Amino acid sequence: MFVAKDIKTGDQITSLNPVWGSRFEELRSWANSERLVCSKCAQTLRFRVGNLRRPHFAHRVLSECPLSRQSAEVLEAKAQLYEWLCTKYPAKVEMDVDLHVPEWERTADLVVRLDDGKVFSYWVFDHTPRN
């Protein structure tokens with residue numbers, strides 16, 4: 001997953017945000033001190049960064065969190081869409097947002113909030129059939 005909550009400030013942190021591009025060690029330090037938690041299940045997270053995968057957060061223990069069950073394809077699609085939207089709407093894109101839609105238990109994968117009050121929501125669906 002690419003989003004964590006900073007329990008010290010209450011801010012949502014997106015690892016793909018260009019702001020963090022040169023500050024990975026800071027995110028790793030915060031994760032190691034258990035400052036970063038999952039915004040959905042509040043479990044502490046690890047921060048992972050390397051040459052083969054995008055910078056991301058991971059649950060320390062496998063859980064039933066809905067955010068931890070996303071396929072690699074969905075995560076990559078979300079990452080690419082997030083990066084593209086950030087070029088069009090800098091500082092206005094959020095990832096994994098609970099919009100509190102009645103009878104819809106899924107968070108929005110991406111949300112763009114414009115200055116004029118308009119909100120655009122995006123959901124990425126896996127093509128693999130599931131029960």
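In what follows, the structure referred to is the one given above.
Residues numbered from 1 in each chain as written. Predicted model: local features only at pLDDT ≥ 70, side-chain atom pairs only at ≥ 80, totals over all residues. Heavy atoms only, no water.

K.L.:
How should the packing of aromatic side chains be read in this particular structure?
P.N.:
Pairs of aromatic rings are described using the distance from one ring centre to the other and the angle between the two planes. Going through the model one piece at a time under the given rule, you end up with three aromatic pairs. Summarising the aromatic geometry, the rings of F24 and F47 are spaced 5.7 Å apart at their centres and angled 45° between planes, so their arrangement reads as tilted. Of this pair, F24 sits in helix α1 (residues 24-32) while F47 sits in strand β4 (residues 45-48), placing them 23 residues apart in sequence. We classify F24 as partly exposed; its relative accessible area is 23%. Put simply, the rings of F24, F47 and F57 touch in pairs and so form one group of aromatic residues. Positioned above the aromatic ring of W30, the side-chain terminus of R35 is 3.8 Å from the ring centre. (Phe/Tyr/Trp six-rings, centres within 6.5 Å; stacked < 30°, edge-to-face > 60°. Helix = DSSP H or I, 4+ residues; strand = E, 2+ residues; numbered from the N terminus. Buried < 20%, exposed > 50% of the residue type's maximum accessible area, 1.4 Å probe, protein only. Lys NZ or Arg CZ within 6 Å of the ring centre and 35° of its normal.)

K.L.:
Would you explain α1 in this entry?
P.N.:
The α-helix advances 3.6 residues per turn, and as a result positions three or four apart in sequence lie on the same side. For α1, the complete set of buried residues consists of L27, W30 and A31. Here the buried residues of α1 occupy an arc of 100° about the axis, which is enough to place them on one side. Exposed and facing more than 90 degrees away from the buried side of α1 are E25 and N32. In the core, the buried residues of α1 are packed alongside β1 (3-6), β2 (12-14), β3 (36-37), β4 and β5 (56-59). Looking one or two residues beyond α1, the residue adopting positive phi is E34, at roughly 65°. (Arc of directions from axis to C-beta. Contact = heavy atoms within 4.5 Å.)

K.L.:
Quick question: what am I supposed to make of the sheet that holds β3 here?
P.N.:
Paired through backbone hydrogen bonds, the strands of a sheet run either parallel or antiparallel to each other. The strand order across the open sheet formed by three strands is β2-β1-β3, and the pairing between neighbours is antiparallel. Unpaired on one side and paired on the other, β2 and β3 mark the two borders of the sheet. Pairing of β1 with β3, which is carried by two bridges, proceeds in the antiparallel orientation. From the neighbouring strand, K5 faces β3, where its bridge partner is V37. (Pairing = 2+ DSSP bridges.)

K.L.:
I would appreciate a short explanation of the pairing of β4 in the present structure.
P.N.:
Each regular strand displays side chains that alternate between the two surfaces of the sheet. With burial as the criterion, only one face of β4 is covered, namely that bearing L45 and F47; the residues R46 and R48 on the opposite face remain uncovered. Across four bridges, the pairing between β4 and β5 is antiparallel. From the neighbouring strand, L45 faces β5, where its bridge partner is H59.

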